Amino acid sequence: MVALYYEVIFGISFLLTVIYVMIWRKHFDLNITVIFILVPIVNLGYYLYANSADKYAAMNAYKIIYIGSCFLPFFVTMCVLNLCEIEVPRPLRFFAFLINTTLYVFVLTVGKTPYFLKSLTVHHNVFGTEIKKEYGPVHTAFLVVIILYVAIEIVAIVYSSIRKSQISNTILRRLFFPVIVTLLGYLGNKLIGTKIEVVPFTYIFAQIMYISIARRMSLYKVSDMVVDSMVQTGETGFISIDFDHHYLGSNETAREILPGLVDLSIDQDITRVPWMENTVGHWIHHFEEDETKTHLYVKKDKIEKVYKTGQEKLDDVTGVEESDYTYIVRTQYLYEGNRKIGYQIFLTDDTKNQKYVALLDKYKTELEAEVKQKTQHIVEMHDNLILSMATMVESRDNSTGGHIKRTSECVRIIIGEMRADAESPFADRLTDEFCEDIIKAAPMHDLGKVAVDDKILRKPGRFTDEEYEIMKTHAAEGARIVHEILKDTDNESFKIVAENVAHYHHERMDGSGYPEHLEGDKIPLEARIMAIADVYDALVSKRVYKESMSFEQADKIMMESMGKHFDKQLEKYYISARPKLEAYYTSLGEQTNAE
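Let me begin by describing the structure that accompanies this report. Here the structure is a predicted model, which is why all the values come from computation and not from measurement.

1. Overview of the pattern of salt bridges
- Per the stated rule, a full pass over the model turns up 17 salt bridges.
- Across the salt bridge formed by Glu409 and Arg412, the nearest N and O atoms sit 3.5 Å from each other. Taken as a pair, Glu409 and Arg412 lie in helix H14 (residues 403-420) at a separation of three residues, close to a single helical turn.
- Of the residues examined, Glu409 reaches a relative accessible area of 26% and is grouped as partly exposed.
- With a shortest N-O distance of 3.3 Å, Glu484 and Lys487 are connected by a salt bridge.
- Residues participating in the shared-partner salt-bridge network are Asp521, Arg528 and Asp567.

Shown next as structure tokens:
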């Protein structure tokens, strides 16, 4: 009866191995494959052990059993760690395998030395064969190793279930059950001392679980499945070459693109085949020179020409015309595990993509031109709106007609002189953007006057002290208005310059200006430039409360104010700009005096 039990167990384990072979895929874990090889061997040992005629036959069967007992724990542990995506360093893996091998060497000495098994006796009775064993000290070490492997497996499974979200909990549960069941079966036999071994049955349970794990795990090999799918669909050609430039193989798509591959022999040196050297060899050389440049575009007609002539050199292209029929060639290393063994060439028909890219480029260019045109139109509308507002404000002030246009031109002239000086202390500030911003912001410097009462703004004579204090509020109010107008603009630099011009163009270098009594470099550069243009225009232009001054009188006042009212560093630019300023105001002639 006992012999029948072991016979059935062996038959089932062998059948399960056959099933595993039938469903085997290249993505199955190697450790699982070894487990399916070892389990039938172990169960065969149990069957022979139970039918031993004498102690010598029992010892030989015992040695067969321990092939599995010594090595199955190693491969099961490696399988668990691998499926839990825990990498074991190669030296540690070798050391563990060496320990198992050493234990089995002691098993092979059974009958000759007492280290693993001191004695073994066989008794036959009406119930069958009864075998008694007395273990040696190495067997104790064997038990310690088994317990250590089981502990590692349990820790790995628990750790992965908690910390690794990319591992299937289904897989982890299926790993856990055979580990626990096998351990309980082994301990049960030792503690209870039953005559029938339970361990062979637990091995069958483990086989069933590992079949389900292997099938399930192959679904999670996403990268391998993608490659297989690409090969099956035939959309991408593959060519494999080793580091000695020997041909290793290709798929059907690659052979359609390069028909000459059909005539090549495996391991043939491609350097001796001209058309191969001028295509595949050329791509490999290109990759070897710069591994970051993995992609090339190649025209179909060029490949055909190289193949037919054998001597034609292959040109690479990085861009193609719409009419071109093009392949994209990608080169990378070919790996065996983590070891580089050669090169992998991928060939993909990229014609449709190139036509699509060309069409997108065309649309992009047209769209950019249209957007640029629309943007420019919006900017012009925005600028005209600002200028219109400034003109509207100026129309309420009967003392400053034409002021905003003239001061804008003065700013332009002074900026031009500053930019002409290569050694200017402001050179780093005078960018194209800054200069454009201050010229465009100049008309906005008096926008704050819109908040001043008409009785004061349109007063024909000079202001009283109280009226002057009210008039001075236009600077801060102008900054507020400019901020509100430009708060949603994307041009942050223009907004800052425009606010500063409106806010601080009445500040003085000695701190006697308004509204905040700033002094020196604390006054923004754009406000210092605006101050010169603003005062110069006020001096040489006619107002309701005064006649226009001569250029000489105005210049005298301007020069006396340098360092007090105006920035002393801007003096030389005012001096160099003065002829142009005078020419500009002279060109206005009677128009200026009439305002």
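2. Some points on unusual backbone geometry
- At the junction of Tyr514 and Pro515, the peptide bond is cis and its omega measures out at 15° in the coordinates.
- As for its placement among the helices and strands, Pro515 is situated in the loop between helix H19 (492-504) and helix H20 (525-540).
- The phi dihedral of His245 falls on the positive side, at around 65°, and the residue is not glycine.
- Relative to the elements of secondary structure, His245 occurs in the loop between strand E3 (236-242) and strand E4 (247-250).
- Its identity as a non-glycine residue notwithstanding, His517 has a phi of 55°, on the positive side.
- Mapped onto the secondary structure, His517 falls in the loop between H19 and H20.

3. A look at the packing of H14 against helix H22 (residues 571-588)
- Running from N to C, H14 and H22 point in directions that differ by 145°, and their axes come no closer than 9 Å. Like other packed secondary-structure pairs, H14 and H22 cross with a definite hand, here right-handed. When H14 is examined against H22, the residues Lys405, Arg406, Glu409, Cys410, Ile413, Ile414, Glu417 and Met418 are found in contact with a partner set consisting of Tyr573, Ser576, Ala577, Lys580, Leu581, Tyr584, Tyr585 and Leu588.
- Residue composition of the contact of H14 with H22, grouped by class: ten nonpolar, one polar and five charged.

The rules behind the values
- Residues numbered from 1 in each chain as written.
- Predicted model: local features only at pLDDT ≥ 70, side-chain atom pairs only at ≥ 80, totals over all residues.
- Heavy atoms only, no water.
- Salt bridge = Lys/Arg side-chain N within 4 Å of Asp/Glu carboxyl O.
- Helix = DSSP H or I, 4+ residues; strand = E, 2+ residues; numbered from the N terminus.
- Buried < 20%, exposed > 50% of the residue type's maximum accessible area, 1.4 Å probe, protein only.
- Axes fitted to C-alpha atoms, helices over the stretch in contact; angles between N-to-C directions.
- Left-handed = near helix turned anticlockwise from the far one by under 90°.
- Contact = heavy atoms within 4.5 Å.
- Nonpolar A, V, L, I, M, F, W, Y, C, P; charged D, E, K, R; others polar.

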